[in-house]
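What follows is the residue order along each chain.
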Amino acid sequence: MEVIYEDNHIIIVNKQSGEIVQGDKTGDCPLSDIVKDYIKEKYAKPGAVFLGVVHRLDRPVSGLVVFARTSKALTRLNKMFAEGEVHKTYWAIVRNAPRTCEGTLEHWLVRNEKQNKSYAYDKEKPNAKKAVLKYRTISNSDNYTLLEINLMTGRHHQIRCQLAAMGCPIKGDLKYGAPRSNPDGSISLLARRIEFVHPVSKEQIIVEAPLPDDSLWQALASSL
């Protein structure tokens, strides 16, 4: 486990693809338990360790995950996430270059619980939620494009679904139209940067995740 930032109230870790943030029906050990064990051992804490989950990343996605170490931080972070005061920036490698180098995508997303998948529509549908994101092109290679994405809303599989609806499925994302999977089962989506005012100290917190250890990621980011 890679800790990116840590203090008395919050801890930010770099999630690897394949890890789950919180326990689910698979029974696999979640990242939250790994972080608890880390805190318990590092600070020799007796008894149960408090750790609050304030947001999640899909299992095949890598990058930054914020946890609360105190109930005060958890309450405040939950409110900050709900009110859009936590700014998250994602990077995605897509197969097809978008028609414009940057833009805003607006769709109505309908979630299918059985399939664990969302569907994008141009017009409002029953049970649909409006989804808005902004993207810009960072770099291109012969076959792939690296995009930076900022979410204006937080919907189920929003980035994956909206980029696919634009004709640019994320590399490795079979569920949303990629032609083949990545060898490690990941999809090429990274929670790259997170920025917010600390819920207790009120300091500005800005952290970045390292790039995945992958030659394509490194090549596409080398122009920066």
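Scroll up a little and you will see the structure.
Here is what the cut-offs are and how they apply
- For every chain, the first residue of its written sequence is number 1, and the numbers climb from 1 along that sequence.
- Local features in a predicted model are, by the rule used here, given only for residues with pLDDT of at least 70; side-chain atom pairs are given and counted only at 80 or more, and totals for whole chains, interfaces and linings are based on all residues.
- As a convention, hydrogens and water are excluded, and side-chain values are obtained from all of the structure's heavy atoms.
- Only DSSP runs of H or I covering at least 4 residues are called helices, and only runs of E covering at least 2 are called strands; the numbering of each starts at the N terminus.
- The cut-offs for exposure are 20% and 50% of the maximum accessible area for each residue type, with area from a 1.4 Å probe on protein chains only; residues under the lower value are buried, those over the upper are exposed, and the others partly exposed.
- Throughout, a disulfide means two cysteine sulfur atoms within 2.5 Å of one another.
- For this analysis, residues touch if any pair of their heavy atoms sits within 4.5 Å.
- Side-chain atoms within 4.5 Å are what join buried Ala, Val, Leu, Ile, Met, Phe, Trp, Tyr and Cys residues into a set we call a nonpolar core.
- Only one rule defines a salt bridge in this text: a Lys or Arg side-chain nitrogen within 4 Å of an Asp or Glu carboxyl oxygen.
- The length a helix should cover is 1.5 Å for every residue beyond the first.
- Throughout, the arc means the angular range of directions from the helix axis out to the C-beta atoms.

By secondary structure assignment, the location of S32 is in helix α1 (residues 31-42). Here S32 falls in the buried class, since its relative accessible area comes to 7%.

The full count for this structure, using the stated rule, is 0 disulfides. With no disulfide of its own, C161 has C168 as its nearest cysteine by sulfur position, at a separation of 13 Å. You can call C161 buried: its relative accessible area is 4%. You can see C168 has no disulfide; the closest cysteine sulfur is in C101, sitting 11 Å from it. Its relative accessible area of 1% is what places C168 among the buried residues.

So, about the environment of C29. Among the secondary structure elements, C29 is positioned in the loop between β2 (10-15) and α1. Put simply, C29 and S188 are 159 residues apart on the chain and 23 Å apart in space, counted from C-alpha to C-alpha. Aside from chain neighbours lying at most four places away, what touches C29 is I20 and I34.

Another point: the nonpolar core. Among the nonpolar cores identified, the biggest contains 29 residues, and V35, F67, I149, I159, L163, I170 and L189 are the most heavily contacted of them. Secondary-structure elements contributing two or more residues to this core are β2, α1, β4 (62-68), β5 (87-94), β8 (129-140), β9 (145-151), α3 (158-165) and β10 (189-197). Once residues within four sequence positions are removed from consideration, F67 is found in contact with H9, I10, I11, V13, V21, L31, S32, V35, L51, G52 and V53. Of all hydrophobic cores here, the second largest spans 27 residues; its members include V86, I93, L146 and L220.

With that settled, consider the pattern of salt bridges. Here the idea is simple: oppositely charged side chains can pair when their charged atoms come close. A complete count under the given rule lists 11 salt bridges for this structure. In this structure, K79 engages E83 in a salt bridge whose closest nitrogen and oxygen atoms are separated by 3.3 Å. Take E83: its relative accessible area is 45%, and that puts it in the partly exposed class. One salt bridge in this structure joins E113 and R111, with 3.9 Å as the shortest N-O distance. Judged by relative accessible area, E113 falls into the exposed class, the value being 60%. Several salt bridges converge on common partners, so that one network encompasses R192, R193, E195 and E208.

Relative to the assigned elements, V65 resides in strand β4. Here V65 falls in the buried class, since its relative accessible area comes to 0%. Residues V65 and E19 lie 46 residues apart in sequence; the distance between their C-alpha atoms is 11 Å. Leaving out residues up to four positions away in the same chain, V65 has contacts with I11, I12, V13, K15, V21, L31, H55 and L57.

Attention now goes to helix α2 (residues 71-82). The end-to-end C-alpha distance of α2 is 17 Å, a good match for the 16 Å that 12 residues give at a rise of 1.5 Å each. Buried within α2 are the following residues: A73, L74, L77, M80 and F81. Relative to the axis of α2, the buried residues are bounded by an arc of 130° and lie together on one face. Opposite the buried face of α2, by more than 90 degrees, sit the exposed residues T75, K79 and A82. Tucked inside the fold, the buried residues of α2 contact β2, β3 (52-53), β4, β5 and β10. Within two residues after α2, G84 carries a phi angle of roughly 75°, on the positive side.

Here α1 is 12 residues long and its end C-alpha atoms lie 16 Å apart, about the 16 Å a rise of 1.5 Å per residue gives. Looking at α1, one finds that the buried residues are L31, S32, V35 and I39. Buried residues in α1, looked at end-on, bunch into an arc of 100°, giving them a common side. The exposed residues of α1 that point more than 90 degrees off its buried face are D37 and E41. Taken together, the buried residues of α1 touch β2, β3 and β4. Backbone geometry just downstream of α1 places A44 in the positive-phi region, at approximately 50°.

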